Amino acid sequence: WAGLSLTPSRCSGVGFALCQRLLEEDGRIHLCIACRNVQKSEDTRDLILATHPAAQVSTVEMDLGSLASVLRAARELRCRFQRLDFVFLNAGIMPNPHVNFKALWHGLLTGKLLHMLTTAEGIMTQTDRLNGDGLQEVFATNLFGHFILVRQLQSLLCGNEKPSRLIWTSSSNARESAFSLSDYQHAKGQESYSSSKYATDLTSVVLNRKFNTQGLYSSVVCPGLVMSNMTYRILPIFLWRLLMPIMWLIRFFAKTYTLTPYNGAEAHVWLFKQKPEYLDALVKYHSCTSGLGRCYVEPRKMDVDEDTAEKLYQKLLELEEQTLEKYHDLID
């Protein structure tokens, strides 16, 4: 079968670990890595082949924050493949993250600190901006670019002999309180990452309703707190070095502190081995790690309203129609 994995442009993080783990599960797969940087994607491919020399690994250039790039990549994929069995939608950004230390102190005084540390609720803010398509950058990269890609790849995903799978990387930080249908791009708030991940959950729910009968199934996962390039940008590196022993200790109390990319990919790999028709579309699958380092998956019901999901889906379709008008030459 053929699988498409959207990974960051560096050879690290959950995306890279996922590629390695998928090949450990089944060395016969054809793995296509999508990165926004050609050189980095080739570097990633070389690293994978160094440990799996017989693997079928190809690359495609794709910047999820650029509609033209997504459309070009989708067209290339349609030429290369007759079907896609899995699409791992893992790309994401969190620009200019800041820690709200006042909120942290309040959490300590009210006994909510552990909850805040495991969900980042109320303690993370970001500064967003418009991208070249006139869209909010975080919304465009974390959700809309993926949405357009799925729409453009429907011919490879629907109507196959075996079901095809979408597996979105969401977050425990996906909170309804950070999302608004009237501002679904989150232009007016400071929690664009949380908003985009909640919108991801909503989108997955409605995609199942629309496409299960055509053999396409969608799931969402949370990798937990993983130390990656995105995470390291939140605080200066010397602070992370001071905090790491504490974080390993916290893992005895907070099972979502997976910490390593390998552990963070646990739910992705678990879903790879499941039959999608038996999965609950309203469940998010969390990668967890015990204090002693045992990896496991914990299903948790998502706090999503299906009517809101449907309304968001309609807004995404409307935005698709508006934004793709100038790209008709890239659409078959």
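An unreviewed UniProt entry lists the chain under the name 3-keto-steroid reductase/17-beta-hydroxysteroid dehydrogenase 7, from Pteruthius melanotis. Among the UniProt annotations of the chain, the heading Sequence similarities (unreviewed entry) holds the following wording: "Belongs to the short-chain dehydrogenases/reductases (SDR) family. ERG27 subfamily."

A. Representation of the overall build of the chain in the model. Broken down by element type, the chain carries 13 helices and ten strands. Classification of the 332 residues of the chain by burial places 58% in the buried group. Sequence-distant contacts in the chain: of pairs separated by 6 or more residues, those separated by 24 or more amount to 74%. Element-wise, carbon and sulfur atoms account for 53% of the exposed surface of the chain, whose accessible area totals about 15,000 Å².

B. View of helix α6 (residues 137-152). The principal kink in α6, of about 40 degrees, is found at Phe144. For α6, the buried fraction is high: 15 of the 16 residues fall into the buried class.

C. Geometry of the pattern of salt bridges. Tallying each qualifying case throughout the model produces 16 salt bridges. Between Arg21 and Glu266 there is a salt bridge; the shortest N-O distance is 2.8 Å. Within this pair, whereas Arg21 is found in helix α1 (residues 13-25), its partner Glu266 is found in helix α12 (residues 266-272), the two being separated by 245 residues in sequence. Both residues of the pair, Arg21 and Glu266, belong to the buried class. The residue Arg28 makes a salt bridge to Asp26 at a minimum N-O spacing of 3.0 Å. The class of Asp26 is buried, set by a relative accessible area of 14%. One salt-bridge network, in which partners are shared between bridges, spans Arg209, Lys210, Glu306 and Glu310.

D. Examining the environment of Leu317 more closely. When you line up the elements, Leu317 lands in helix α13 (residues 306-323). In this structure, the C-alpha to C-alpha distance between Leu317 and Phe147, residues 170 residues apart in sequence, is 9.4 Å.

E. A look at the side chain of Ser196. Here Ser196 lies in helix α8 (residues 192-211). Accessibility expressed as a relative area gives 3% for Ser196, which makes it buried. In this structure the side chain of Ser196 is engaged in a polar contact, spanning 2.8 Å, whose partner is the backbone oxygen of Tyr193. Not counting residues up to four positions away in its chain, the partners in contact with Ser196 are Val138, Asn142 and Leu143.

F. The arrangement of the nonpolar core in detail. In this structure, Met62, Phe144, Ile148, Leu153, Leu157, Leu166 and Leu316 are the most contacted members of the largest nonpolar core, which totals 55 residues. At eight residues, α6 tops the list of elements feeding residues into this core. Counting 28 residues, the second largest nonpolar core, distinct from the first, contains Leu23, Phe88, Ile167 and Val297.

G. Broad picture of the environment of Ile29. Residue placement: Ile29 occurs in the loop between α1 and β2 (30-35). Look at Ile29 and you get buried, because its relative accessible area is 0%.

H. Structural view of the packing of aromatic side chains. The tally for this structure, following the rule as stated, stands at eight aromatic pairs. Each ring, one from Phe86 and one from Phe272, has its centre 5.1 Å from the other, and the planes form 50 degrees; the classification is tilted. Taken together, the residues Phe86 in strand β4 (residues 86-89) and Phe272 in helix α12 connect sequence positions 186 residues apart. Residue classification places Phe86 among the buried residues on the basis of a relative accessible area of 8%. An angle of 70 degrees between the planes, with centres 5.6 Å apart, marks the rings of Phe139 and Tyr184 as edge-to-face. Taken as a pair, Phe139 in helix α6 and Tyr184 in the loop between β7 (164-169) and α8 lie far apart in primary sequence, 45 residues in all. For Phe139, a relative accessible area of 2% puts it in the buried group. Residue Tyr184 is classed as buried on the basis of its relative accessible area of 15%. An aromatic cluster of three or more residues is present, and its members are Phe139, Phe144, Phe147, Tyr184 and Tyr313.

I. Focus on the state of the cysteines. A complete count under the given rule lists zero disulfides for this structure. With no disulfide partner, Cys19 has as its closest neighbouring cysteine sulfur the one in Cys35, 8.0 Å distant. Between Cys288, a free cysteine, and Cys222, which holds the nearest cysteine sulfur, the sulfur-to-sulfur gap is 8.1 Å. When its relative accessible area of 0% is taken as the criterion, Cys288 is described as buried.

J. The arrangement of the pairing of β2 in detail. For β2, the tally of buried residues reaches five of six residues, placing the bulk of the element in the interior. Where β2 lies against strand β3 (residues 56-61), six bridges are found, and the strand directions are parallel. When the sheet's bridge partners are listed, Ile33 is paired in β3 with Thr59. Handedness of the crossover is the feature at issue here: the chain leaves β2, passes through helix α2 (residues 38-51), returns alongside β3, and the resulting connection is right-handed.

Basis of the calculations
- Residues numbered from 1 in each chain as written.
- Predicted model: local features only at pLDDT ≥ 70, side-chain atom pairs only at ≥ 80, totals over all residues.
- Heavy atoms only, no water.
- UniProt positions renumbered as here; feature names shortened; annotations may be inferred.
- Helix = DSSP H or I, 4+ residues; strand = E, 2+ residues; numbered from the N terminus.
- Buried < 20%, exposed > 50% of the residue type's maximum accessible area, 1.4 Å probe, protein only.
- Contact = heavy atoms within 4.5 Å.
- Areas by Shrake-Rupley, 256 points an atom, 1.4 Å probe, with all protein chains shown as cover.
- Bend = angle between axes of the 7 residues up to and from the residue.
- Salt bridge = Lys/Arg side-chain N within 4 Å of Asp/Glu carboxyl O.
- Polar contact = N/O pair within 3.5 Å; in protein donor to acceptor, adjacent residues only side chain to side chain.
- Core = buried A, V, L, I, M, F, W, Y, C linked by side-chain atoms within 4.5 Å.
- Phe/Tyr/Trp six-rings, centres within 6.5 Å; stacked < 30°, edge-to-face > 60°.
- Disulfide = S-S within 2.5 Å.
- Pairing = 2+ DSSP bridges.
- Right-handed = clockwise from strand over helix to strand, strands pointing away.

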